[in-house]
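Survey of secondary and tertiary structure
Here's the letter readout for the chains.
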Amino acid sequence: MMTTSPSPARIVLRHSLGTVVREQTVAIIAALFVALIFVSAFLGWSATSTVDAIYKSAAVYLTKQGMAVPPNPLLAASPLYLLRNMATYVSLIGSLAGIVIGYQLIASDRKAGVMPLIGTRPVERRAYALGKTAALVSILCGLVAFAALVSVATFFILPGFHLSAHDWVKLFGFYAVSGLYMLVFGLLGLTFGALSRSETVGLLIPITAWLSFTFILPQLTSNINPVASLNPVTALTAPPSSTFFQLTGLLLGPVSLAEAYRTLAAQLLDMLPPGFADRAAISPWATLLMALVLLALAARSALSRMDMTRGDYNG
Amino acid sequence: MPDTVIEIVDLNKTYASGHTALRNLTLEVRQGEVFGFLGHNGAGKTTTIHILTTLMAPSSGMAKICGHSVEEAPNEVRRHIGYVPENVRLYDTMTARANLRFFGRLSGVENLERRIDETLEFLESQHLADRLVGSFSKGLRQRIGLAQAILHRPAVLFLDEPTSGLDPLGIKTLRDLIVRLNTEFGTTIFMNTHLISEIAKTCHTIGVLNQGRLVFNDTITAVSERYGDDAALEELYLSITPVARKDEAA
């Protein structure tokens, strides 16, 4: 007996979550992201504990000498500064994880060759697209929630750090922005997973876009060389004041996604260098949201127009 | 259920490359028939199935399944059809039952687990239920492919070159299943093939497609009365598809 289909998008979502986690590349990139989250937390904890220990030793020595003890430098900085490495890892590995997960969500169906079988089911293409997008959002939310949990635990474990209500809001704001940033790249992976006829090209195009956003555009707009892009602090130093960088900053700044994310992260984690001025014509929030909307539309269009007669990639 | 379950009128398909696959195809298949669609490779058989199963839009013309237009009501069409592609592909890392569960859910099948058991029993494949599909031979894969296609008890079943790549025993098993599906469930079957022997043993009516045009359409009974045995049927087929034969010879 037939009934109207009970939420096909949910069926696709559940099924996609089950199949994509079996993909080796997804498991590896997710594990790498998780590992780096721990590394980031450890580095923050290690650096802070070392500075704190040195300060305490110095304070004991100074007290013995009858000299004045200066205030603990750790207390002068925002406790959120502790997470500066996190922004770098999200920008590099988080976005890459987004691409791989988004791509594999479609590629797992295409490589299995089941598209004609799905295409002949009473399921609207947009329900399929919705299910896949929901799966992408769910996985990325899981990764970001895990990172947030590690950060919160770090703050509870470290002595002497007390986050105000405003700090907590900024902390969760940072993770929300990080999730949106990863989602942009996830949608890019989803789009090319659906559009591409070749498995290799389908992954190569989003990776090239990732390289361009992460390393090439910041170099063109702000003279940030690729190595500096890996550094949480120097990536946001003031760009040269030459006409070339004035122009590229103004024109390419709005599409320089990685810079927009780093600027937002720096604002939220209180690590924006003093006197830093973003020269892009639009705010980093607008850049991120614009990219998100455009790629969501692109992914929807690609998934709705996907060739369902083909069981596989061309090779 | 209308008496004519597949209705095609002046169907045309030209691909973006400029290749015309179908030219003014007009055809009817009645309820309960096993229809054999015969033609050389590239004649347009698979294109026809892709349009009838809503996987592809026609360039012009009209096609209806059980009274529903493939273009205007694709989901209604999908509720009434099952489809087994030429090379059945399933999720290799999942068991046969997990595959059937997914496709059954998408088709909105109620009492799904019971239906899976019934379907596997019908196909004499209960022993395959909990095995990974990746370990299956072509014949076993074909059977699970058939299971996913009939799980929701469709009115029309489309089979694209179902015997392709099967050994003689696999071909006979599949042929018997097609006949049982037709007689026990009353399923109308539309089968693409280029094996004349299969057409003669399984089908009620045949259509011959040559370079996108329907060049012959009649019942097997009428053909047998007129032309005699399988060998004569083969001669008939070759005589009405001369252009393709010349191409192959070249």
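Look a little higher up for the structure.
Presented here is an overview of the structure given in this document. (Residues numbered from 1 in each chain as written. Chains lettered and ligands numbered in written order. Predicted model: local features only at pLDDT ≥ 70, side-chain atom pairs only at ≥ 80, totals over all residues. Heavy atoms only, no water.)

Focus: the overall build of chain B
- Of the regular secondary structure elements, chain B holds ten helices and ten strands.
- Relative to its length of 250 residues, chain B is compact, with a C-alpha radius of gyration of 18 Å against a globular reference of 18 Å.
- The burial tally for chain B puts 54% of its 250 residues in the buried class.
- Of the contacts formed within chain B by residues at least 6 apart in sequence, a portion of 70% connects residues at least 24 apart.
- Total accessible area on chain B stands at roughly 10300 Å², and carbon and sulfur atoms take up 48% of it.
- One finds the centroid of the 26 positive side-chain charges in chain B at a distance of 5 Å from the centroid of its 31 negative side-chain charges. (Helix = DSSP H or I, 4+ residues; strand = E, 2+ residues; numbered from the N terminus. Rg over C-alpha atoms; globule rule 2.2 N^0.38 Å. Buried < 20%, exposed > 50% of the residue type's maximum accessible area, 1.4 Å probe, protein only. Contact = heavy atoms within 4.5 Å. Areas by Shrake-Rupley, 256 points an atom, 1.4 Å probe, with all protein chains shown as cover. Lys, Arg positive; Asp, Glu negative; His and termini not counted. Charge placed at Lys NZ, Arg CZ, Asp CG, Glu CD.)

Side note on the sheet that holds strand β9 (residues 205-210) of chain B
All names here are of chain B.
- Across the sheet, six strands lie side by side as β6-β7-β8-β3-β9-β10; this open sheet has mixed pairing. Only two strands of the sheet have a single partner each, and these edge strands are β6 (81-84) and β10 (213-219). The mean angle between the axes of side-by-side strands here comes to 15°, regardless of whether they run parallel or antiparallel.
- Inspection of the sheet shows β9 paired to β10 by six bridges, in the antiparallel sense. Bridging from a neighbouring strand, G207 pairs with N217 of β10. (Pairing = 2+ DSSP bridges. Axes fitted to C-alpha atoms, helices over the stretch in contact; angles between N-to-C directions.)

As for the pattern of salt bridges
Residue and element names in this part refer to chain B.
- The final tally for this structure, using the stated rule, is 17 salt bridges over all chains.
- Across the pair R141 and D92 runs a salt bridge, and its minimum N-O distance is 2.9 Å. Of this pair, R141 sits in helix α5 (residues 138-150) while D92 is found in the loop between β6 and α3 (96-106), placing the two residues 49 residues apart along the sequence.
- The partly exposed category is assigned to D92, whose relative accessible area is 37%.
- Put simply, R97 and D130 hold a salt bridge, and the shortest N to O gap is 3.7 Å. Within this pair, whereas R97 is found in helix α3, its partner D130 is found in the loop between α4 (112-122) and α5, the two being separated by 33 residues in sequence.
- The class for R97 is buried, based on a relative accessible area of 15%.
- One connected set of salt bridges, linked through shared partners, spans R97, R101, E113, D117 and D130. (Salt bridge = Lys/Arg side-chain N within 4 Å of Asp/Glu carboxyl O.)

A closer look at unusual backbone geometry
- Even without being glycine, D10(B) reaches a positive phi, approximately 50°.
- Tracing the backbone shows D10(B) in strand β1 (residues 4-14).

Brief notes about the interface of chain A and chain B
- Facing the 32 residues of chain A at the interface are 27 residues of chain B.
- A combined buried area of about 2800 Å² lies between chain A and chain B, and 58% of that area is made up of carbon and sulfur atoms.
- Ranking the residues of chain A by area buried against chain B places L117(A), T120(A) and R121(A) at the top, with a combined share of 23%.
- Between the two partners, chain A and chain B, sit zero salt bridges.
- Across the chain A-chain B interface, the total number found is eleven residue pairs in polar contact (both at pLDDT 80 or more). (Buried area = accessible area lost by both parts, 1.4 Å probe. Polar contact = N/O pair within 3.5 Å; in protein donor to acceptor, adjacent residues only side chain to side chain.)

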